Structures are given as C-alpha cells and as structure tokens.
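# Chain and residue survey
Here is how the chains run, residue by residue.
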Amino acid sequence: MKLAMIGFGQAGGKVVDKFVEYDRERNAGIVRAAVAVNSAKADLLGLKNIPKDQRVLIGQSRVKGHGVGADNELGAEIAEEDIDEVQGAIDSIPVHEVDAFLVVSGLGGGTGSGGAPVLAKHLKRIYTEPVYGLGILPGSDEGGIYTLNAARSFQTFVREVDNLLVFDNDAWRKTGESVQGGYDEINEEIVNRFGVLFGAGEVQDGQEVAESVVDSSEIINTLAGGGVSTVGYASEGVEPRKNNGGGLLSRLTGGDEPDDNLDTAHTTNRITSLVRKAALGRLTLPCEIEGAERALLVLAGPPEHLNRKGIERGRKWIEEQTGSMEVRGGDYPIPGAEKVAGVILLSGVTNVPRIKELQQVAIEAQDNIEEIRQESDSNLETLINDDEDELESLF
Ligand SMILES: Nc1nc2c(ncn2[C@@H]2O[C@H](COP(=O)(O)OP(=O)(O)OP(=O)(O)O)[C@@H](O)[C@H]2O)c(=O)[nH]1
C-alpha cells in the first residue's frame, strides 16, 4: 500500500529515512511521500534520504532549534503552534495517491512523544484517509522520565490514530548492549518487518499477480477498528528456482517436473512452520496473541515457493490461536527473492503485560518526580535562608 510517512522527532525521522532507503532499494512502492518534523535542527541535518524541502523545523521561537529536551508537554505545545508549517510540507503530497498516513515516533522523548499525537489528530480532522501511528517504546533502562513520557504519549496517541502499531525497543535490545548502540540494527528490523507488511498489496507493473495476493484493502480492514497492533516475522532462505522452471527442458517434457508433489508438500510445510514461528517468536510488541481481534497473514517470497494450501493452513492455525474470526491471509510474490518470509499483523491486542508494566513504572516515576520537586523546594528554602532569619534580601 502507498503511504505518506511522517517521522516526528529523532527516532521517527531516522526510521522514516530508513524506510525511504528500503523502498528505493527494493522498488517496493510503499513510501509515496516522506516528511520529517523536529524541533532539533541537528537531527534534521543528519537525515540522508528524506528530501531537504520535506524536513520541517518547528518551535524555533521557543527552543531555537535545540530540541525540547524530553519535555513532551512542550513538544505537544510547539506542534500545535506550528502545525501550519507541518501542513505546508504535507500540502505538497499528492494525498489522493496515498492509501494512508503513517506517523512514526519514539514515545520516550519530547518532540515526537508530544507532537505525534497532535499531528495525528490534525490529519484525521482534515483527511479521509486512515491515519496510523508507529510508536516506539523506550528501553526499560532509559529511566523514569522516558517511561513516563512513553506511557502518557501512548495513551494519547492510541486515541488519536486509526490504529497504533507498536515497536518495543526493550524487547529488541541485545544482551549486554545498550539500546543506543543497537539502534541501527533495531531500525533495520523495524523497516524490514513493516516494509514486508505494507509492501504486500503494492504489486508493481509487470510483477506476477498470484491468485491469493494480498490487497491493501485487506491491510486497511485488519487495522480498522482501532486499538493497538503488533507484528510477528519469520523467514527462511530458499534456493531461487533456476529460470529453467518454465524453460526449455520443462516445456519439452510437458511442464511438470517429477518431484512437483514433493515440492508442494515441502512448500506447504515450510509455510506452516514459518507462520508458527512468526506468531510465537518475538513480536514488535510482545503480548499474548490469544484475544487479538483481527489478524493478517502475509507470505512473501518467490512465487514458486508460495502456495494457497500453506496459507490456508496457517490462517486456520492463527484463528485457533487467537480465537479471532477475522483472520485474513495471502501472498506477496517477490520473483527472484532468496527467502520466504511470513509476516503476521495482530490487530486489536489487549493482553499486553509490557504496557501494564510501563504504566506502573510511569506512575512511580510521576510520584517520585513530584516528591523530589517538593523536597527540593523546601531544601532550597532551608539553604538560602539563615537559621534565625536574621538576614534580609535586597528586594
Ligand atoms: N528504534 C529506535 N528508537 C530510537 C532511536 N532514537 C531514539 N529512539 C527512542 O526514541 C525515544 C525518543 O527519542 P527521540 O526520538 O530522540 O526524541 P525526540 O522526539 O527527538 O525529542 P527530544 O530529543 O526530547 O526533543 C528514546 O527514548 C529512544 O527509546 C532510533 O534510532 N531507533
């Protein structure tokens, strides 16, 4: 499907920048337009692929291009104040050619955390196309203020978008490695997973169209109904069939190769196991899949390694696991690809212990911050006033 992507804040900008690169390399046709919005000038300068005239600096009069320093209330305020400048960049997007908007942001900081929900609300008011969010949760080692920001932003963002796709940095941290160091790899993972998902339904001219190919309306219908979504992914390398599959020998022998049945069974089994691995492995937002309201299964790879039976079996299995009656599924044929990938979008998930944990830590952080603020006020009073109150201030 064709998206207008808007990256808000540093993480959002970097991820959208990477999406543009992914799209260009694979000719995937997902990113119809890309915009970056930030209150920090340096972050915008660091981007490589988003066109310069599509990078919007907001809040200049308030923060002079230096960012909001993890103050997401300020982030929300300046987004509201400068929404016309953001709209200016969006005005140059041929919106009639996009299927949806995707607002991408890290939820732990200030600019994106506060600004992304404001932008989503604005877009929904103006356009009829769906507005999705891609929200990135901070690592649990990032500290109280990031957790508090994320919990408040999450709550607001979910309400303002048609669906919030979530990626949890914490679940993707490698052991012994700080989240900071691993961002490049993490961003690669984000773009890869969501790239395959959104790339489905965007068949390019001249590309093969399988009978059960996923259409972008199936992605939209899976996301419709709102709430929170998570994505599972698994892949397996395959030998691209040499181009003589339909070549001279096979044509001379009538087309069918003798081991075709065996191949079909093998392909079906591979798909079934990929579906299980994708659903039971690491999700972008770890959660219980039972109770997910809707799901979409996409099998991407060379057409000769995809088959309807495998997808049907996978779909049934997901129905059993989630208890959902709305499980869609289909192919995303990529001729010449060297792997088969199974992607599962689980939409409307509600059993998410990670969010409950985040909220708990956020409430503690909020209480602590308030306590420390009060204490520090009284400590300062004690410091600056002499014990017997004998001194008088000048004015
Ligand atoms: N996945 C991923 N997460 C990131 C990246 N950079 C930052 N983050 C996460 O995003 C959160 C918010 O950080 P930023 O996006 O840098 O913040 P900002 O929106 O620019 O806001 P301020 O810097 O406070 O003005 C952090 O807590 C990290 O968890 C990145 O490149 N990839």
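Residues numbered from 1 in each chain as written. Predicted model: local features only at pLDDT ≥ 70, side-chain atom pairs only at ≥ 80, totals over all residues. Heavy atoms only, no water.

- Looking up the protein in UniProt gives the name Tubulin-like protein CetZ1, with the organism given as Haloferax volcanii.
- Note on the protein: under the UniProt heading Subcellular location, the record states "Cytoplasm".
- The annotation that UniProt attaches to the protein under Sequence similarities is "Belongs to the CetZ family." (UniProt positions renumbered as here; feature names shortened; annotations may be inferred.)

### Let's talk about the sheet that holds strand β3 (residues 55–57)
- Across the sheet, which stays open at both edges, the ten strands sit in the order β3-β2-β1-β4-β5-β6-β7-β10-β8-β9 with mixed pairing between neighbours. Edge positions in the sheet fall to β3 and β9 (326–333), since each has one partner strand and no second. For this sheet, the mean angle separating the axes of adjacent strands, direction not counted, is 20°.
- In this structure, strand β1 (residues 3–8) lies alongside strand β4 (residues 100–106), joined through six bridges in parallel fashion. Residue pairing across strands places Phe 8 opposite Ser 105, the latter belonging to β4.
- Contacts from helix α6 (residues 111–126) reach β1, β2 (31–38), β4 and β5 (131–137) within the one sheet, and its direction differs from that of β4 by about 165°. (Pairing = 2+ DSSP bridges. Helix = DSSP H or I, 4+ residues; strand = E, 2+ residues; numbered from the N terminus. Axes fitted to C-alpha atoms, helices over the stretch in contact; angles between N-to-C directions. Contact = heavy atoms within 4.5 Å.)

### Points about the site of the ligand
- In the region of the ligand, 23 residues are neighbours, and Ala 70, Thr 111, Gly 112, Glu 142 and Asn 187 sit closest.
- At 2.8 Å from an oxygen atom of the ligand is found a main-chain nitrogen or oxygen belonging to Ala 11.
- One of the side-chain N or O atoms of Lys 14 is found 2.8 Å from an oxygen atom in the ligand.
- Isolated, the ligand exposes 640 Å² of accessible area, and the fraction of that covered by the protein chains is 91%.
- At the level of secondary structure, the elements contributing two or more residues to the shell around the ligand comprise α1 (9–26), α6 and α9 (183–199).
- Its residues assigned to classes, the shell around the ligand comprises nine nonpolar, twelve polar and two charged. (Near = heavy atom within 4 Å. Polar contact = N/O pair within 3.5 Å; in protein donor to acceptor, adjacent residues only side chain to side chain. Areas by Shrake-Rupley, 256 points an atom, 1.4 Å probe, with all protein chains shown as cover. Nonpolar A, V, L, I, M, F, W, Y, C, P; charged D, E, K, R; others polar.)

### A word on the confidence of the model for the protein
- For the protein, the mean per-residue pLDDT works out to 91, and 90% of the residues sit at or above 70.
- A low-confidence stretch, residues 244–256 stays under pLDDT 50, and its non-local contacts, those more than four residues away or across chains, total six contacts. (pLDDT = per-residue confidence, 0-100.)

### Section: the packing of aromatic side chains
- Overall, the coordinates contain three aromatic pairs when judged by the stated rule.
- Plain terms: the ring middles of Phe 194 and Phe 198 are 6.5 Å apart, the flat faces sit at 25° to each other, and that makes the pair stacked. Taken together, the positions of Phe 194 and Phe 198, both in helix α9 and four residues apart, correspond to about one turn of that helix. Accessibility classification places Phe 194 together with Phe 198 in one group, the buried group.
- Sitting above the plane of the Trp 172 ring, Arg 282 keeps its charged end 4.0 Å from the centroid. (Phe/Tyr/Trp six-rings, centres within 6.5 Å; stacked < 30°, edge-to-face > 60°. Buried < 20%, exposed > 50% of the residue type's maximum accessible area, 1.4 Å probe, protein only. Lys NZ or Arg CZ within 6 Å of the ring centre and 35° of its normal.)

### Considering the packing of helix α4 (residues 72–81) against α6
- Two elements in contact, α4 and α6, have axes whose closest approach is 7 Å; the angle formed by their N-to-C orientations is 45°. Between α4 and α6, the interaxial angle falls into the category oblique. The interaxial crossing formed by α4 with α6 has right-handed handedness. For the pair formed by α4 and α6, the contact residues are Asn 72, Gly 75, Ala 76, Ala 79 and Glu 80 on the first element and Thr 111, Ser 113, Gly 114, Gly 115 and Val 118 on the second.
- Of the residues that constitute the contact of α4 with α6, the class distribution is three nonpolar, six polar and one charged. (Parallel < 35°, antiparallel > 145°, perpendicular 65-115°, else oblique. Left-handed = near helix turned anticlockwise from the far one by under 90°.)

### Here we look at unusual backbone geometry
- Of note, the phi angle at Asn 27 is positive, near 50°, even though the residue is not glycine.
- Structurally, Asn 27 is set in the loop between α1 and β2.
- One non-glycine residue, Asp 389, lies in the positive phi region at around 60°.
- Structurally, the position occupied by Asp 389 is in the segment after α14 (353–384).
- Asp 389 gets classed as exposed once you look at its relative accessible area, which sits at 57%.

### Some points on the UniProt feature "binding site: GTP" in the protein
- Mapped onto this structure's residue numbering, the UniProt feature "binding site: GTP" falls at Gln 10, Ala 11, Gly 12, Gly 13, Lys 14, Gly 110, Thr 111, Gly 112, Glu 142, Asn 169 and Asn 187.
- Relative to the helices and strands, Gln 10 resides in helix α1.
- With residues near it in sequence (within four places) discarded, Gln 10 still touches Asn 38 and Asp 43.
- The buried category is assigned to Asn 187, whose relative accessible area is 8%.
- Sequence-distant contacts of Asn 187, that is, excluding residues within four places in its chain, are made with Lys 14, Val 15 and Lys 18.

### Some remarks on the domain arrangement of the protein
- Here the domain parsing of the protein yields domain 1 (3–199) and domain 2 (226–347).
- Each of domain 1 and domain 2 was reduced to a C-alpha centroid, and the two centroids are 30 Å apart.
- Between domain 1 and domain 2 the total buried area reaches about 1700 Å² when both faces are included, carbon and sulfur atoms providing 62% of it.
- Three residues, Arg 193, Val 196 and Leu 197, lead the burial of domain 1 against domain 2; their summed loss comes to 36% of the area buried on that side.
- Across the domain 1-domain 2 interface, the total number found is zero salt bridges.
- Applying the counting rule to domain 1 against domain 2 returns twelve residue pairs in polar contact (both at pLDDT 80 or more).
- Only α7 (144–160), β6 (163–168), α8 (169–172) and α9 provide two or more residues apiece to the side of domain 1 that touches domain 2.
- Considered class by class, the residues forming the side of domain 1 that touches domain 2 number twelve nonpolar, three polar and three charged. (Domains from an automatic or database assignment. Buried area = accessible area lost by both parts, 1.4 Å probe. Salt bridge = Lys/Arg side-chain N within 4 Å of Asp/Glu carboxyl O.)

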